[in-house]
Amino acid sequence: MSARIALYPGSFDPPTLGHLDVLAGGLALADSVVVAIGVHAEKKALFSFEERKALVEAAARDRLGAQADRVSVIAFRNLTVQAARAAGATLMLRGLRSATDLDYEMQLAGMNLGLAPDIRTILVPASPLARPITATLVRQIASMGGDVSPFVPALVADALKAKFDPQKNREANS
Ligand code: ADP
């Protein structure tokens, strides 16, 4: 049987403990997982693609150890099913936090199946502690100087601190 490759698309801006939880779930189901970071011109991200790639790789190594050998990171700007085909993936990996996520993800999975019947979506539920975590709230909390360490790996918390460090930003703009 050929290797089962899962594409895990998202913004990962920044990667959180929720993303890593779903990534671990994907690694239990697929031989390898390709994390696909969406880079869309109209959507301004806090972290550049290169920064997000480095954070995902380091966080996967940190939390998942040798399992991280089965993780790779790419950028995509087209449809997720096109990115999946290009990566040789036959599985699409998504995470679930709530019933609201489920409604949306079911719709997305249905339309993606219409676009690419050979690619199946797998939905991985968040573990209880990771359920409330969203990257949007993590960015907001960090921008106001809050402690995000319960929600993201330590290296991501450090990267957020550096991003919102007023002194560093003053130096960069001077
Ligand atoms: P966010 O919604 O946090 O900005 P993304 O757009 O990067 O995250 O989401 C990529 C995928 O990861 C989606 O399927 C999303 O539902 C899932 N995901 C994000 N955070 C969590 C979490 N805390 N638990 C489970 N899945 C999550």
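Residue indices follow the written sequence of each chain, beginning from 1 at its first position. Only residues with pLDDT of at least 70 get local features here, since the model is predicted, and only at 80 or more are side-chain atom pairs given and counted; chain-wide, interface and lining totals rely on the full set of residues. Excluding hydrogens and water, the side-chain values take into account all heavy atoms of the structure.

Enquirer: How do you make sense of the pairing of strand β4 (residues 91–96) when you look at a structure like this?
Expert: The side chains of a regular strand alternate, first on one face of the sheet and then on the other. Among the six residues of β4, six are classified as buried, and the element is accordingly described as predominantly covered. The sheet contact formed by strand β1 (residues 5–10) and β4 spans two bridges and is parallel. Among the inter-strand pairings, Leu 7 is bridged to a residue of β4, identified as Met 92. When DSSP locates at least two bridges between a pair of strands, those strands are taken to pair. Only runs of H or I of at least four residues qualify as helices and only runs of E of at least two qualify as strands under DSSP, and these elements are numbered from the N terminus. Pairing between β4 and strand β5 (residues 120–125): six bridges, direction parallel. Along β5, the bridge assignment pairs Leu 93 with Ile 122. Here a crossover is taken to be right-handed if, once the strands point away from the viewer, the path from the first strand over the helix to the second is traced clockwise. Taken together, β4, helix α4 (residues 99–115) and β5 constitute a β-α-β crossover, and its handedness is right-handed. Buried means the residue's accessible area, taken with a 1.4 Å probe over protein chains only, is under 20% of the maximum for its type, while exposed means over 50%, and partly exposed covers the values in between.

Enquirer: Explain the site of the ligand here, please?
Expert: In the vicinity of the ligand there are 19 residues, among which Ser 11, His 19, Gly 95, Ala 130 and Ile 133 approach most closely. Interatomic distance of 3.0 Å between a side-chain N/O atom of Tyr 8 and an oxygen atom of the ligand. Between the ligand and the protein, one listed contact pairs an oxygen atom with a backbone N or O atom of Phe 12 at 3.0 Å. Broken down by secondary-structure element, the contributors of at least two residues to the shell around the ligand are β1, α1 (17–29), β4 and α4. Any residue that is not Ala, Val, Leu, Ile, Met, Phe, Trp, Tyr, Cys, Pro, Asp, Glu, Lys or Arg is counted as polar, Gly included; the first ten are nonpolar and the last four charged. Each residue belonging to the shell around the ligand can be placed in one class, and the counts come to nine nonpolar, six polar and four charged. By convention in this text, a residue qualifies as near a molecule or strand provided that one of its non-hydrogen atoms is within 4 Å of it. Think of a polar contact as two N or O atoms within 3.5 Å of one another; within protein, one of them needs to be a possible hydrogen donor and the other a possible acceptor, and neighboring residues in sequence only count if both atoms come from side chains.

Enquirer: What should I look at first to understand the packing of α1 against helix α2 (residues 49–64) in this one?
Expert: Two numbers describe a pair of packed helices, the interaxial angle and the distance between the axes. An axis is simply a line fitted to the C-alpha atoms; with a helix, the fit covers only the stretch in contact. Between two such axes, the angle follows the N-to-C directions and lies from 0 to 180 degrees. Remark: α1 packs on α2, axes separated minimally by 11 Å, with the N-to-C direction vectors making an angle of 65°. Regarding the angle of α1 to α2, the classification is roughly perpendicular. Between α1 and α2 lies a crossing whose hand is right-handed. From α1, Leu 17, Leu 20, Leu 23, Ala 24 and Leu 27 reach across to α2, where they touch Ala 59, Ala 60, Arg 63 and Leu 64. Here roughly perpendicular refers to angles of 65 to 115 degrees, roughly parallel to angles under 35, roughly antiparallel to angles over 145, and oblique to all remaining angles. Helix crossings get a hand from a simple test, with the near helix turned counterclockwise from the far one by less than a right angle marking a left-handed crossing and a clockwise turn marking a right-handed one. When checking whether two residues touch, look at their non-hydrogen atoms; a contact exists if any pair is within 4.5 Å.

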